[in-house]
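# Reading the structure
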Amino acid sequence: MGAASWFVLHDGHMHSPPTRPHAPACDRNREPILGVLRDHFADRRCVLEIASGTGQHAVHFAAALPWLGWQTSDLADNLPGIRAWLAEAGLPNTPPPLVLDVLQPAWPVVAADAVFTANSLHIMGMDAVEAFFRGVGRVLASAPGGVLVAYGPFNYDGRWTSDSNRDFDAWLKARDPRSGIRDLEHCNVLAMAEGLRLAADVAMPANNRCLVWRRGS
Ligand SMILES: C[S@@+](CC[C@H](N)C(=O)[O-])C[C@H]1O[C@@H](n2cnc3c(N)ncnc32)[C@H](O)[C@@H]1O
């Protein structure tokens, strides 16, 4: 941890600079997700993370999985926060973040053989979810054994897996009617259209899942 990027406030505690956003959920879910990534990214070289958010996941996973290059991306507004986390961590395997809106017609060219996203598919509208899978298909098209890992809440056959997910879905839709928890089956149809086969569906704490798709048979 770079000492120069921390400072002491009047309460006597060390604080990170205010430019570094912090999502408490990332602190809670990063270890369970890491367990899945250790298994499924063991043979991967470069991960494109879509919707990196704060950048907290990126620095945690890139530090724990040092054989990977970890390429962050998000909408332009989120890049300063991601840059702040990457700068503070100073890791050798985290290139600068890319602007990537999954709806943009041309995605940046990244030589990735894996894609990771967390808590993004229920935020995006359905048009963006469809664009996400098409874009991931293009990214992984030339990567033998390409892997996609998507973390978050998912429904099965249109049904919530818990009361808390039902409430969360209602909250999401009240905030933005385009948002909502996605059906695993629908995501799987979109993934299969890109040559991706569901390889694992791992239960995570708090009624979340880690879905893993892999190219090939
Ligand atoms: C709930 S946050 C999750 C952030 C982070 N992955 C995490 O787990 O904390 C949803 C993210 O989706 C991103 N997002 C929303 N629409 C997007 C789009 N069209 N293309 C790319 N990212 C998008 C947002 O900018 C935000 O970073």
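Owing to the predicted nature of the structure, the values given are computational and were not obtained by experimental measurement.

The rules behind the values
Residues numbered from 1 in each chain as written. Predicted model: local features only at pLDDT ≥ 70, side-chain atom pairs only at ≥ 80, totals over all residues. Heavy atoms only, no water. Core = buried A, V, L, I, M, F, W, Y, C linked by side-chain atoms within 4.5 Å. Buried < 20%, exposed > 50% of the residue type's maximum accessible area, 1.4 Å probe, protein only. Helix = DSSP H or I, 4+ residues; strand = E, 2+ residues; numbered from the N terminus. Axes fitted to C-alpha atoms, helices over the stretch in contact; angles between N-to-C directions. Parallel < 35°, antiparallel > 145°, perpendicular 65-115°, else oblique. Left-handed = near helix turned anticlockwise from the far one by under 90°. Contact = heavy atoms within 4.5 Å. Nonpolar A, V, L, I, M, F, W, Y, C, P; charged D, E, K, R; others polar. pLDDT = per-residue confidence, 0-100. Polar contact = N/O pair within 3.5 Å; in protein donor to acceptor, adjacent residues only side chain to side chain. Pairing = 2+ DSSP bridges. Right-handed = clockwise from strand over helix to strand, strands pointing away. Near = heavy atom within 4 Å.

The subject of this paragraph is the nonpolar core. By size, the foremost hydrophobic cluster in this structure holds 29 residues, and its most contacted members are Ile50, Leu121, Phe132, Phe133, Val136 and Trp213. Mapped onto this core, the elements with two or more residues apiece are strand S3 (46-50), helix H4 (126-140), strand S8 (147-152), helix H6 (184-192) and strand S12 (208-215). Counting 27 residues, the second largest nonpolar core, distinct from the first, contains Val36, Val47, Leu68 and Leu79.

Attention shifts here to the packing of helix H2 (residues 56-64) against helix H3 (residues 79-89). Between H2 and H3, the shortest axis-to-axis distance is 8 Å and the interhelical angle comes to 30°. Here H3 runs roughly parallel to H2, going by the angle between their axes. When you trace H2 past H3, the crossing you get is right-handed. Taken together, the residues of H3 that come into contact with H2 (itself represented by Gln56, Ala58 and Val59) are Trp85, Leu86 and Ala89. The residue makeup of the contact of H2 with H3, split by class, is five nonpolar, one polar and no charged.

Let us now look at the confidence of the model for the protein chain. Looking at the protein chain, pLDDT values average 93 and 91% of them are 70 or higher. Counting contacts from residues 1-10, a segment whose pLDDT is below 50, to residues more than four positions away or on other chains yields 20 contacts.

All right, on to the side chain of Ser120 then. Relative to the helices and strands, Ser120 is located in the loop between strand S7 (114-118) and H4. Its relative accessible area of 4% is what places Ser120 among the buried residues. A distance of 2.6 Å separates polar atoms of two side chains, one belonging to Ser120 and the other to Thr117.

Our next topic: unusual backbone geometry. Although it is not a glycine, Ala51 adopts a positive phi angle of roughly 65°. Along the chain, Ala51 falls in the loop between S3 and H2.

With that settled, the discussion passes to the sheet that holds S7. The sheet built from six strands is open, its strands ordered S4-S3-S7-S8-S12-S11 with mixed pairing. Of all the strands in the sheet, the pair left with one neighbour each is strand S4 (69-71) and strand S11 (196-204). If you compare each strand with its neighbour and ignore which way they point, the axes differ by 20° on average. Across five bridges, the pairing between S7 and S8 is parallel. Note that in S8 the partner of Thr117 across the bridge is Ala150.

Strand residues, when the strand is regular, have side chains that alternate between the two faces of the sheet. Judged by how many residues are buried, S3 sits mostly within the fold: five of five residues are covered. Burial along S3 is two-sided: Cys46, Leu48 and Ile50 and Val47 and Glu49, pointing in opposite directions, are all buried. In terms of strand pairing, S3 meets S4 through three bridges, oriented parallel. Across the sheet, the residue bridging to Cys46 is Gly69, located in S4. In the classification by handedness, the crossover that spans S3, the intervening H2 and the parallel S4 is right-handed. One ladder, built from four bridges, connects S3 with S7; its direction is parallel. Following the sheet pairing, Leu48 is matched in S7 by Val115.

Here the focus is the site of the ligand. What surrounds the ligand is a group of 16 residues, the closest being Ala51, Asp74, Asp101, Val102 and Ala118. A distance of 2.7 Å is found between a nitrogen atom of the ligand and a backbone nitrogen or oxygen belonging to Ala51.

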